[in-house]
Amino acid sequence: MKAMPRPLASLTWLLGKVSSRHAARAVIGDLIEEFRERSDHDRPSRHAALWLNLQILRFIAAAFLSGAPRLIRSAGLIVRDGVRAFRIAPAQSLFIVLVLAAGVTTGTVTFSVVDAVVLKPLPLAEPEQLVGIPTRDENFTERITPELFWRLHDHLTSVEGLAPRMTFTGDRVRVGEFTDEWPVTFTTAEIFDLLRWTPAIGRFWTPDEEARGETDVAVLGYRFWRQQFSGATSVLGETVAIGKRTYRVIGVLPAISDHPELDLGSAPIWVPRPVPRTAPSSPFGILARMRPGVTTTQVADEIARLAEIPGWRPVVTPLLDGYVRPVRQWMLLALGAAALVVLIACVNAANMMLTRATRRAQEMAIRASLGASGRQITATLLVEGILLSAAATVCALLLSVAGVQVAKLAVTTMLRGIFRASTISLNGRVLVAGITIAALTGVLIAIVPAWQTSRAPVSSLLKDGAATVTTGRRRWRGVFLTAEIASVVVLLVVSWLFVASLIRVVSIDVGIDGRNLIAINPRLEFQGTVDEVQERLERVPGVSSVAVAAGSSLPLVGRAFGGAWHTTTLDRADDTRAASSVTVLQYRVTSNYFDVAGLRFLRGGTWSAQTASDALPVVLDERAARQLFGEEDPLGRHVRATEPKGVFRVVGTVPHAYVRGPEEAYHPSAYFPLRPSSTRTFAGLFVRTSRPPEKMLSPINEALKPLAPLTKDPFVFVADEALARLTATRRFNAGLMSAFGLVGVLIGAAGVYAVMTSFVAQQTREIGVRLALGATPARIQRGVLTLAWRHLAAGLTLGLPIAWWSSQGFAALLFGVTPADVSVYLGVTALLMLVGFTAAWLPARRAAGVDPVVSLRR
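Note on numbering: residues in each chain are counted from 1, in written sequence order. Whole-chain, interface and lining totals are the exception, using all residues; otherwise, since this is a predicted model, local features are given only for residues with pLDDT of at least 70 and side-chain atom pairs are given and counted only at 80 or more. Side-chain descriptors were evaluated using all non-hydrogen atoms of the structure, hydrogens and water having been removed beforehand.

**Q** Explain the overall build of the protein chain to me, please; I cannot follow it from the model alone.
**A** Secondary structure elements follow DSSP: runs of H or I of four or more residues count as helices, runs of E of two or more count as strands, with numbering from the N terminus. A tally of helices and strands in the protein chain yields 27 helices and 23 strands. With 858 residues in all, the protein chain has 50% of them scored as buried. Note on definitions: a residue-residue contact is assigned when non-hydrogen atoms from the two residues lie within 4.5 Å. Across the protein chain, the fraction of contacts at a sequence separation of at least 24, relative to all contacts at a separation of at least 6, is 81%. All accessible areas in this document rest on Shrake-Rupley with a 1.4 Å probe, and a residue is counted as covered only by the protein chains that are shown. Put simply, the protein chain shows about 39600 Å² of open surface, and 59% of that area lies on carbon and sulfur atoms. Any residue under 20% of the maximum accessible area for its type is buried, any over 50% is exposed, and the rest in between are partly exposed; the area is computed with a 1.4 Å probe on protein chains only.

Okay, here's the thing in C-alpha cells:
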C-alpha cells in the first residue's frame, strides 16, 4: 500500500484559520480516507501529496467565500451576466468597442509621439539643472562678448560653471586613414564636468592644459570610435587634421553621449577652443548647470545685472526646451486634441450604455424583485462597461502597434530633424497610460447608467419596462449628447484655425520661383575656382543657366540656407537731411542671379559688366527701398553702405525674398555685384534647369565630383523641396488636427444618430398614439428634428465659447488668422448643423413611418 501523504503545515494552519481547528482536522481526515478508498480501488494518484494539498486549497477557497460578502460570492455570476450582455446586443456592443478603440488608439499613438519627443527627460545626470544661454538676442546682435563671458564665468553664482559649445561642418577632417566632412564640436574642458561624463577610454583634456595653451588634443565620439576603429584602444594617439590644424586623440566620449535621445554628442570629434579674454567674436552658445534650487529666472536676472546692458535680459532655457521648443507647443496641443477625442468617444459610449440600461430596465426590475441587491445590479453594469473597455483596449493596443509606426514614419518623413523622432515607440509608460485610460473609460461609461438603475424603485422599473424612458434617464442622455457636441465643436474650431493658417501660408508669394530650380550650398569648398564650376555646370545637358552668390548664404526658402551671413547698413547718400537708414542682408551675386532665381524686377533691372556709372550698382528689395525712400522712386538714387564700403547707385528693386520661409518676414535685402574671380573657391550657386530638377541631381553631382570630391547629396537642394520642408510643420499640424476633427465629427454624428434612433425606438408606442389621434407624419418628423436641433444648439452654445477661450493659448501657432475669426465659427456652426441634421434625419424619417396599429399592439 502506498504511503499516506502529509499535507503542508502552512495549509493546515490556514484552513484552521478560515474555518476552525476541528473542521480542519475533519477535512484532512476525510481527504485521507478518500485517498485510501482510491488506492483500494486501484485508482491511486500519481502525485499523492500534490493532490492532497490542492484539495485542501479548494476547501480553503470555499471556506473563504462562504464568509465573504454576498457581492464577492456572486462575482462569477456578475461576470457571466456581463458576457451575456454582449450576446443580447452584439451590434451595439461592437459599436461601443469600436468607438472606444478609436478613442484609445488616438490617445495612445499621440501620447507615444509626444512622450518620446517632448516629455521624457534627457538621459543625463540631473538634466533639469542644465540650461542654455544664448550669446545673441533675437535680432542676432551680439550681447555676450568675450569680456562679458569671463565676467559671468568668474562671478555668476547661480550656476556651477559655464562652457561654450559650437558645432561646425564644412572643413575636411582626417582621422587616421579616414577623411570626410564630419561635424566638429569646439568647447572647453568644463563641459565634461557639467555633463557628468567620464571617458570610455583615455581621458579628457583639462582646464590646466587650456590655460597653458596645450589645445592640440581631441576626443572622439563613442559611435564614431566603434564604427571607424572597431572600438580599438589603439586609436589613442591617432592624428586628427581639421583644415590646416592637427590634433592628437587622447580619449573617447562615453556611450551615453551617442544616446538616441541626446543631441549633445552628435559630433564625432571634440576639440578644445577656450574663449580668449579679448577676441573679435563670442561663442555661439553657452551650456551651464544651475545650482540646486536655482531657477532659470534667477539665472537670467543675475546675468542681466552683471551684463549692465540697458533693455536686455537673456532668455535662459532648460537644455531640453532648447531642443524641443520648435515643436513643444503644437505637440502638447495635439495631445490635448487627442484627449478631446478620447473624451468624445467616452461620452458617446456612456450614452450608448445608458440606452442599453434603459432597454434592460424590465430585466433589472425582475432581478431586483427576485432578490438582487442594488449593489449587485450596479456591479453588473460596471462589469459590463469594464468588459467593453477591456475588449476595446485589446483592439486599441493592436491598432496602436501599427499606428505608432505610421506616426513615426510620418514625423520622420514630413518633419525632418525633429528631436528624438527616431525613438518614438510603444514603450511601457505609454502602455500603462493607455491601459489606465481604457480602465477609467470603462468605469466612467457605466457609472451613470448603474447609478440611475440602482436608485430607481422596482415598481417604477416594472411599470416603465422597455417601452418608455424616465425623465432622469432622458435628461442624462441629453447632457451626454450636449457634452459630446460641445467637445466636437472645440475640436472643429481648432482644426479649422490650423487649416485656415495653412491656406494663408501657402498663398504667400515667397519671391523666388522654385520651379526647376536647384541650389548648391555655399559652405562647399571647390577644388578649383567657382567660375570654373559655373562654366562646368553650364555645359551639363538640361542646365539653362547658373548664377553665383558669394560671401552669403543663398536667399532661398529653406533653413538649410538660413539667409545672408552678413548684414550691412545703408544710408541715403544724396540727401543728408533725410536721416533714414536701414540694416539689410547683403548678397553679392552675379548679374544673372535675378533671372535664375526668378526674382522679378518691380522697377529697373539688373546690371552688366559694362555698366558705366559714377557709383557701383545695387539692387534693393521693396522693403529696403520703402524704408530708405518711402514712396519716392528709388531708381538712380545713391546709398552709402558700411560693408562693402562705398557709395552705390540703385538700379532696380525686387520683391522681398522670404529667406526663412513664408511665415517669417526677415531683414530687408540688398544685392551687390559679384565680379569674376580667379581665386574664389567658396560660393553658392543657383541652377535653372529645363528638365525636372529631380532628374538633374545625378548629372549635377557627377559634374561636381572632380571639383568637389567630398560632396554629398545634402549639399544640393531642390528649391521646391526646400519650400516644402519649411511649410512641413504647418502642413503636418493642419493634417493632424483635421484628422482629429474628422474622427470627432464621425463619432459625434454616430452619437446623434444613436441617440435619436434610440429615442424613436423607445417612443414608438407614444408616436403611434399621437398618429392615431391625428398627428401627421411631417409633424412627428419635425418633432424628432427639433429635439436634435435643441441638442445641437446647446452643444454649440457651450462649445463655441470654450473653443474661443482655449484657442487663446495657441494663438502664436496661427498665421494670418486670429482665434476670434468670425468666419471660422460660422463655418464650424454650419458644418456641425449639416452633419447633425443629416444624422438625425434617418431616425426622424423612421419615426414618421411608424404604423399606429402595429405600435399599439406592443
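**Q** Can you walk me through helix H10 (residues 222–229) in this structure?
**A** Given 3.6 residues per turn, any residue in an α-helix points the same way as the ones three and four places further on. What H10 keeps buried is the set Phe-224, Trp-225 and Phe-229. Each buried residue of H10 lies within a common arc of 100° when the element is viewed along its axis, so the set occupies one face. Starting at the helix axis, one direction is taken to each C-beta atom, and the arc is that of these directions.

**Q** What am I meant to see in the environment of Pro-692 here?
**A** Inspection of the secondary structure puts Pro-692 in the loop between strand S22 (684–689) and helix H21 (693–704). It is 8.8 Å that separates the C-alpha atoms of Pro-692 and Leu-517, two residues lying 175 residues apart in sequence.

**Q** What's the story with the packing of aromatic side chains in this structure? I'm lost.
**A** Two aromatic rings are characterised by how far apart their centres lie and by the angle between their planes. In this analysis, rings of Phe, Tyr and Trp, with Trp reduced to its six-membered ring, are considered paired at centre separations within 6.5 Å, and the interplanar angle assigns stacked below 30 degrees, edge-to-face beyond 60, and tilted for intermediate values. Enumeration according to the criterion identifies 19 aromatic pairs in this entry. Judged by centre distance (6.3 Å) and plane angle (65°), the ring pair of Phe-224 and Phe-229 falls under edge-to-face. Accessibility expressed as a relative area gives 14% for Phe-229, which makes it buried. Cluster of aromatic residues (ring-pair linked, three or more members): Tyr-587, Tyr-593, Phe-594, Phe-601, Trp-607, Tyr-671 and Phe-686. We call a charge positioned above a ring when the Lys NZ or Arg CZ atom is no farther than 6 Å from the ring centre and deviates by at most 35 degrees from the ring normal. A cation over a ring is seen here: Arg-226 above Trp-225, with NZ or CZ 5.9 Å from the ring centre. Arg-273 extends its terminal NZ or CZ atom over the ring of Phe-186, reaching a point 3.8 Å from the ring centre.

**Q** How should I be thinking about unusual backbone geometry in this particular structure?
**A** Backbone geometry follows two general trends: most residues other than glycine have a negative phi, and most peptide bonds adopt the trans configuration. With an omega dihedral of 0°, the bond running from Glu-643 to Pro-644 counts as a cis peptide bond. Residue placement: Pro-644 occurs in the loop between strand S19 (638–642) and strand S20 (645–654). Phi is positive for Arg-196, which is not a glycine, with a value near 60°. By the secondary structure assignment, Arg-196 is in the loop between helix H8 (190–195) and strand S6 (201–202). Its relative accessible area of 38% is what places Arg-196 among the partly exposed residues.

**Q** In this structure, what is going on with the nonpolar core? I would like to understand it.
**A** A general feature of soluble globular proteins is that nonpolar side chains tend to end up buried together. For the purposes of this section, nonpolar cores are sets of buried Ala, Val, Leu, Ile, Met, Phe, Trp, Tyr and Cys residues that join through side-chain atoms within 4.5 Å. Formed by 97 residues in total, the largest nonpolar core has its most connected members in Trp-197, Trp-270 and Met-756. Per element, the largest residue contribution to this core is 15 residues, and it comes from helix H12 (residues 319–359). In this structure, Ala-519, Val-596, Val-619 and Ala-657 belong to the second largest nonpolar core, which totals 23 residues.

**Q** Teacher, can you tell me more about the packing of helix H25 (residues 777–807) against helix H26 (residues 822–848) here?
**A** When two helices pack together, their arrangement is given by the angle between the helix axes and by the axis-to-axis distance. Here, axes are lines fitted to C-alpha atoms. For helices the fit covers the stretch in contact, and angles between N-to-C directions go from 0 to 180 degrees. At their nearest, the axes of H25 and H26 sit 9 Å apart, and the two run at 155° to each other. Between H25 and H26, the angle falls in the class roughly antiparallel. For H25 against H26, the interelement crossing comes out right-handed. Of the residues contributing to the contact of H25 with H26, the split by class is 21 nonpolar, 4 polar and 1 charged. Orientation is classified from the angle alone, with under 35 degrees giving roughly parallel, over 145 giving roughly antiparallel, 65 to 115 giving roughly perpendicular, and any other angle giving oblique. Left-handed describes a crossing whose near helix is turned anticlockwise from the far helix through less than a right angle; right-handed describes the clockwise counterpart. All residues other than Ala, Val, Leu, Ile, Met, Phe, Trp, Tyr, Cys, Pro, Asp, Glu, Lys and Arg, Gly among them, are scored as polar; the first ten of these are nonpolar and the last four charged.

**Q** Before we go on, may I ask you to explain the pairing of strand S15 (residues 567–572) in this structure?
**A** Successive residues of a regular strand alternate their side chains across the two faces of the sheet. Side chains Thr-568, Leu-570 and Arg-572 project from S15 onto a buried face, and the interleaved Thr-567, Thr-569 and Asp-571 project onto a face without burial. With 3 bridges joining them, S15 and S19 adopt antiparallel strand pairing. Pairing of Asp-571 across the sheet is with Arg-640, part of S19. Strands qualify as paired when DSSP identifies two bridges or more between them.

**Q** I'm lost on the pairing of strand S10 (residues 269–272) in this one. Help?
**A** Side-chain alternation along S10 places Ile-269 and Val-271 on one buried face and Trp-270 and Pro-272 on a second face that is also buried. The pairing of strand S5 (residues 184–187) with S10 spans 4 bridges and is parallel. Paired with Val-184 across the strands is Ile-269, a residue of S10. As defined by bridge partners, strand S7 (residues 217–220) adjoins S10 across 2 bridges and the pair is classed as antiparallel. Bridging across to S10, Leu-220 finds its partner in Ile-269.

**Q** I tried to follow the pattern of salt bridges on my own but got confused; where do I start?
**A** Think of it this way: side chains of opposite charge can pair up when their charged atoms draw near. A pair is scored as a salt bridge if a Lys or Arg side-chain nitrogen falls within 4 Å of a carboxyl oxygen belonging to Asp or Glu. A complete count under the given rule lists 15 salt bridges for this structure. Salt-bridge contacts for Asp-321 lead to Arg-328; the nearest nitrogen and oxygen are separated by 2.4 Å. Exposure remark for Asp-321: the relative accessible area of 23% places this residue in the partly exposed category. For the salt bridge of Glu-622 with Arg-626, the shortest nitrogen-to-oxygen distance reads 3.9 Å. Of this pair, Glu-622 and Arg-626 both sit in helix H20 (residues 622–629), 4 residues apart, which is roughly one turn of the helix. Look at Arg-626 and you get partly exposed, because its relative accessible area is 45%. What emerges from the salt-bridge pattern is a single network uniting Arg-572, Glu-632 and Arg-637.

**Q** Even after reading the chapter, I still don't get the layout of surface pockets, so can you show me in this structure?
**A** In this approach, a probe sized like a water molecule rolls over the atoms, and the result shows the empty space that is left. Cavity means a closed set of points on a 1 Å grid over the protein atoms alone, one where a 1.4 Å probe fits but cannot get out, pocket means an open set with protein on both sides within 12 Å along at least 5 of 7 lines, and lining means a residue has an atom within 4 Å of a point. Grid points are joined across faces, edges and corners, and a volume is the space filled by probe spheres set on the points. Here the second largest pocket is characterised by a volume of approximately 490 Å³. What lines the second largest pocket is a set of 22 residues, and nearest its centre among them are Val-109, Thr-110, Ala-407, Leu-736 and Phe-740. Elements represented by at least two residues in the lining of the second largest pocket include exactly helix H6 (90–119), H12, helix H14 (374–414) and helix H23 (728–762). Looking at which element gives the most residues to the lining of the second largest pocket, the answer is H23, with 7 residues. Of the residues in the lining of the second largest pocket, the class split is 16 nonpolar, 5 polar and 1 charged.

**Q** Got a minute to help me understand the packing of helix H18 (residues 530–538) against H21 in this structure?
**A** One way to put it is that H18 packs onto H21 with a least axis distance of 10 Å and a crossing angle of 140°. If you check the angle between H18 and H21, you find them oblique. H18 and H21 meet at a crossing whose hand is right-handed. Touching Val-533, Arg-536 and Leu-537 of H18 are Ile-700, Ala-703 and Leu-704, all from H21. Its residues assigned to classes, the contact of H18 with H21 comprises 5 nonpolar, no polar and 1 charged.

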